[in-house]
Amino acid sequence: MAEIPRNQAEHPMMARRSHDDAARQKAVRTLRQRLLPRLAAGSREMYYRTVEPALRRRQDGRPVEDFREIRAAMLEHPYVRFQLGTHRVIQELMYETLVDSVEPQLEELAEKARTLPRGLGSLRLDPALQVPRYVTAVDIHCQPGGYAHEAFPGDVSAGAIYDRSINMYQQGAGGMTDYMGRAVVQYLAKAWPGFRPRRILDLGCTIGHSTHAYVRAFPEAEVHGVDVSAPLLRYAHARAEALGIAVHFSQQNAERTDFPAGHFDLVVSHILAHETAAHAWPAILAESRRLLAPGGMTVHVDLPQLDEIDPYRRFIYANETHYNNEPFWTPYRLMDLPQLMESAGFAAAETYRDFTAVMAGEDRQKARAAVEQSRRLGHGAPPGSGLGFALLVGTRGAVGGGRAAEAA
Amino acid sequence: MSTASPPRLPHPRAARGPRPEFFEDGSSDTLLAMNVALLTELMVTRERLDTLERLVAAKGLLRREEIDAFEPDEAAEREREQVRDTMSRHVFYLLLQQAERAVRQAPPGPDTGDGAAG
């Protein structure tokens, strides 16, 4: 069952919240992280007890594969409609409570971001940068105004809202909310124990919450983050400085940055892929390859592709596109990743597909069994159980120290 | 006054992009949203009360067990009943109004006296 949510660490750039605003945000967090899994478990039971057997009978006992067919059958049930409708409402309420609480402080937060003492990292904005249409066409995952909304010069609203939303949204995102970065760091330590990156780049870094994990893990490395949104980056820079973390942020499109070829040992992204577009993601992979120094590595964190999960979970996943303003979520998960990596310039021997839950398992057999069971049951949203995060990994040549035997 | 910058537009509340409907009748979507929002407000009130109880206990004015052990006297019980009744009438106001309208429109039956919606 869902764990008790932990609070995130407060820092000086964070929007203040009143007693009742905090209670309101925690109420939404409880609904999101504890009620929704309970409601979803009901739909899952319904599927395996009644819907799936009926579909199977209808097609002469053949296994049910098509998630669109599952979706059509599931929507016949009022319970499922209530479950999905409640899911959407809680997403909307998350932002409703956040905007309500953050909006009166916007000018003050912008001023704070501008005047906070700094000197560890840097911020380079490009007012001429065209924010790509896949970022602005709809407000991704329903954050009002989206990532790049800028109401006045110096605005940091998108960052201030996003920062508090992470802890409300994601199970396990307590403390510094750097859980995705830490997952990659743990993966690297386990699978590539000799790898010591000196320059690191985080693509689509938003407020830099994942980026910080690399500064903590590799204190001697120079760490950069790029994003297309100025409001996110202003906030990211002020947030990093306030926390005493050195990151160099610049406003750039990850499809083509201005860094020289071979500049980085490690290029990462965290749940960026599914928020891009069919033309952009191949370009970002090719740019990752271009930026790698010999012996370097790129790791892109997202959730599994549809053919890596069971049909029921495919239906659950696809709901993000139907109900949560994630137009590229499902199309991305239908893409052929080995093919994409090859087109981006990675040889087959330089391409790896890993899952954090398997990598993190102390007992690999037990972890594999858990993954198998999770595939069968098709429940829950990773991380937390099952496959965990899915990592798309590419190397440029041989990586120092090589790949751990147990990771093979 | 003349140099004051124009007030900035309010931050958007509605996410750009079509809003899916989950029920045949869109008003059920609205009702669901209102109910979940009310649940969060109830949680907020409950949390405020919890803060109050803890602060009062921390100041030594009472122990929290005293709240659980509290038995209202007859006067308090009457006031509470009044509050419960008022709240339930407010929450069920539409249903009660429907009854009132039905009574107003229908001629009084043989046994309903003056047709009050009681």
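In this text the structure is predicted, and so the values were computed from the model without any measurement. (Residues numbered from 1 in each chain as written. Chains lettered and ligands numbered in written order. Predicted model: local features only at pLDDT ≥ 70, side-chain atom pairs only at ≥ 80, totals over all residues.)

Enquirer: Could you give an account of the overall build of chain B, with specific residues and numbers?
Expert: Regarding its fold elements, chain B presents four helices and zero strands. Counting helices and strands in the order they occur from the N terminus, chain B gives α-α-α-α. A total of 118 residues make up chain B; the buried ones form 5% of that total. (Helix = DSSP H or I, 4+ residues; strand = E, 2+ residues; numbered from the N terminus. Buried ≥ 20, exposed ≤ 12 C-beta atoms within 10 Å, placed from the backbone.)

Enquirer: I'd like a description of the sheet that holds strand 2 (residues 199-203) of chain A, backed by residues and values.
Expert: Residues and elements named next belong to chain A. Taken in spatial order, the eight strands make up an open sheet running 1-4-3-2-5-6-8-7, and their pairing is mixed. Two strands lie at the open edges of the sheet, namely strand 1 (122-124) and strand 7 (351-355), each paired on one side alone. Neighbour to neighbour, the strand axes of the sheet diverge by 15° on average, direction disregarded. Two strands pair when backbone bridges link them, and strand 1 and strand 4 (residues 248-251) are joined in this way by three bridges, in the parallel orientation. Across the sheet, the residue bridging to S122 is H248, located in strand 4. Against the sheet, helix 9 (residues 230-242) makes contact with strand 1, strand 3 (222-227) and strand 4, and its axis sits at roughly 170° relative to strand 4, the strand it touches most. (Pairing = 2+ DSSP bridges. Axes fitted to C-alpha atoms, helices over the stretch in contact; angles between N-to-C directions. Contact = placed C-beta atoms within 7 Å.)

Enquirer: Lay out the interface of chain A and chain B in plain terms, naming residues and giving numbers.
Expert: Tallying the contact residues gives 32 residues for chain A and 23 residues for chain B. Per-class residue counts for the side of chain A that touches chain B are 15 nonpolar, 10 polar and seven charged. (Nonpolar A, V, L, I, M, F, W, Y, C, P; charged D, E, K, R; others polar.)

Enquirer: Mind laying out helix 4 (residues 106-115) of chain A, listing which residues take part and the relevant values?
Expert: Residue and element names in this part refer to chain A. Buried within helix 4 are the following residues: L106, L109, A110 and A113. Angularly, the buried residues of helix 4 cover 100° about the axis, an arc narrow enough to put them on a single face. Pointing more than 90 degrees away from the buried face of helix 4 are the exposed residues E108, E111 and T115. Looking at the packing, one finds that the buried side of helix 4 touches helix 3 (78-102), helix 6 (157-169) and helix 9. (Arc of directions from axis to C-beta.)

Enquirer: Tell me about the environment of R32 of chain A, and name the residues and values.
Expert: Residues and elements named next belong to chain A. As for its placement among the helices and strands, R32 is situated in helix 1 (residues 19-58). You can call R32 buried: it has 21 C-beta atoms within 10 Å. C-alpha separation for the pair R32 and G208, spaced 176 residues apart in sequence, amounts to 23 Å. Setting aside anything within four residues of it in sequence, one finds R32 in contact with I90, M94, M168 and Y169.

Enquirer: Before we move on, can you summarise the confidence of the model for chain A with the specific residues and values?
Expert: Residue and element names in this part refer to chain A. Within chain A, residue pLDDT values average 90, and 91% of them lie at 70 or more. Scored below 50 in pLDDT, residues 359-364 shows 10 contacts in the model against residues more than four places distant or in partner chains. Contacts of residues 373-385 to residues separated by more than four positions or lying in other chains number 29 contacts, the stretch itself having pLDDT below 50. (pLDDT = per-residue confidence, 0-100.)

Enquirer: Can you tell me about unusual backbone geometry, naming the residues and giving the values?
Expert: Residue and element names in this part refer to chain A. For H141, which is not glycine, the phi dihedral falls at a positive 40°. As for its position among the elements, H141 is in the loop between helix 5 (133-136) and helix 6. On the basis of neighbour count, H141 is assigned to the partly exposed category, with 19 C-beta atoms found within 10 Å. Notably, C142 is not glycine yet its phi reads approximately 70°, a positive angle. For C142, the position within the fold is in the loop between helix 5 and helix 6.

Enquirer: Before we move on, can you summarise the packing of helix 1 of chain A against helix 3 of chain A with the specific residues and values?
Expert: When two helices pack together, their arrangement is given by the angle between the helix axes and by the axis-to-axis distance. Residues and elements named next belong to chain A. Between helix 1 and helix 3, whose axes approach to 10 Å, the crossing angle comes to 165°. Between helix 1 and helix 3, the angle is such that the two are roughly antiparallel. Crossing of helix 1 over helix 3 shows left-handed handedness. Mapping the contact onto sequence places D21, R24, Q25, V28, L31, R32, L36, L39, A40, G42, S43 and M46 in helix 1 and Y79, V80, Q83, T86, H87, I90, L93, M94, T97 and S101 in helix 3. Residue classes in the contact of helix 1 with helix 3 are distributed as 11 nonpolar, eight polar and three charged. (Parallel < 35°, antiparallel > 145°, perpendicular 65-115°, else oblique. Left-handed = near helix turned anticlockwise from the far one by under 90°.)

Enquirer: Give a detailed account of the pairing of strand 2 of chain A, specifying residues and quantitative values.
Expert: All names here are of chain A. Among the five residues that make up strand 2, four are buried, leaving the element largely enclosed by the rest of the structure. Where strand 2 meets strand 3, five bridges bridge the pair, whose relative direction is parallel. Each bridged residue has a counterpart across the sheet, and for I200 the counterpart in strand 3 is V223. In this sheet, strand 5 (residues 264-270) lies alongside strand 2 in parallel orientation, the contact comprising four bridges. Note that in strand 5 the partner of L201 across the bridge is V267.

Enquirer: Any chance you could break down the environment of E47 of chain B for me, citing the residues and the numbers?
Expert: All names here are of chain B. Secondary-structure assignment places E47 in helix 1 (residues 26-58). Using a count of 17 C-beta atoms within 10 Å as the deciding quantity, one classes E47 as partly exposed. Put simply, E47 and R16 are 31 residues apart on the chain and 33 Å apart in space, counted from C-alpha to C-alpha.

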